Amino acid sequence: MAGSALSVIDLQAGVLEGCHDADAVVARCRVLAEHARAEAPVLWVQHEEEDMPRGSPSWQRVGGLGSTPGEPCVPKTFRDAFADMPLRSLLQQARVQRLLIADAQGGYCIRTTAQRSRGYAVTLVSDAHITTASVFGGVASSGEQIVAHADRYFPGLRYPGEDDLAAHDAVTF
């Protein structure tokens, strides 16, 4: 995992409300973070907004997901973890080339973060992300359908002028 980092995005009480199988996904994320720490930096990204302010119960990470000393927590106010946040500079300082992502609300935050990850190979950990049901354009999708769509979407995400080292992928932990 040299040159890699794990980014755990939005696994917070207020984000996980209504997510199917949240406990199992959180448990896998906890084990994933423990394994990653042996070889790679772990970065925690936490969403905050008016109804989920920093430090509030809904803002807190769940299921024993805690950082160890030196692991950064990047607060974000947009769906995109790169938008107006220090994530890119943290990755550059750690000489990261591959970013592994575990996430909640994948229909929003995974996609927007991945689409702004230019220059990084992004791997979605397919059994370590979750979302709630949503309605887009009058079409209802279950959380399971949205997760399955993200798992299919990631391997095809490519950008002009980037080689296979910056390809995106989805893997099971």
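Calculation notes
Residues numbered from 1 in each chain as written. Predicted model: local features only at pLDDT ≥ 70, side-chain atom pairs only at ≥ 80, totals over all residues. Heavy atoms only, no water. Buried < 20%, exposed > 50% of the residue type's maximum accessible area, 1.4 Å probe, protein only. Helix = DSSP H or I, 4+ residues; strand = E, 2+ residues; numbered from the N terminus. Pairing = 2+ DSSP bridges. Contact = heavy atoms within 4.5 Å. Core = buried A, V, L, I, M, F, W, Y, C linked by side-chain atoms within 4.5 Å. Expected span 1.5 Å × (residues − 1). Arc of directions from axis to C-beta.

K.L.:
I'd like to hear about the pairing of strand S4 (residues 98-104), residue by residue, with values.
P.N.:
By the criterion of burial, S4 is predominantly enclosed, with six of the seven residues buried. When strand S1 (residues 4-9) meets S4, the two strands line up parallel, connected through six bridges. What sits directly across from valine 8, in S4, is alanine 102. Summarising the sheet, S4 and strand S5 (residues 121-130) pair through six bridges and their orientation is parallel. If you follow isoleucine 101 over to S5, its bridge partner there is leucine 124.

K.L.:
How would you sum up the environment of serine 7? Please name residues and give values.
P.N.:
Following the sequence through the fold, serine 7 ends up in strand S1. Judged by relative accessible area, which is 1%, serine 7 ranks as buried. Residues serine 7 and valine 42, spaced 35 residues apart in sequence, show a C-alpha to C-alpha distance of 5.9 Å. Those residues within four positions of serine 7 in sequence are excluded, and the remaining contacts are Leu43, Val45, Leu99, Leu100, Ile101 and Ala102.

K.L.:
Could you give me a rundown of the nonpolar core, with the residues and numbers involved?
P.N.:
Ranked by internal contacts, the top residues of the largest apolar core, which has 25 residues, are Leu6, Leu11, Leu16, Cys29, Val42 and Ile130. Residue assignment for this core shows that the elements contributing at least two residues are S1, helix H1 (13-16), helix H2 (22-37), strand S2 (42-47), S4 and S5. Examining the composition of this core, we find that seven residues originate from one element, H2, more than from any other. Dropping the residues within four chain positions of it, leucine 6 is found in contact with Leu32, Ala33, Ala36, Pro41, Val42, Leu43, Leu100 and Ala102. By size, the runner-up hydrophobic cluster in this structure holds 22 residues, among which are Ile9, Val96, Ile110 and Leu124.

K.L.:
Kindly report on H2, identifying the contributing residues and their values.
P.N.:
The end-to-end C-alpha separation of H2 is 22 Å, in line with the 22 Å expected for 16 residues at 1.5 Å each. Among the residues making up H2, those that are buried are Ala22, Val25, Val26, Cys29, Leu32, Ala33 and Ala36. For H2, the angular spread of the buried residues around the axis is 120 degrees, confining them to a single face.

Nothing here speaks to function; it is geometry throughout.
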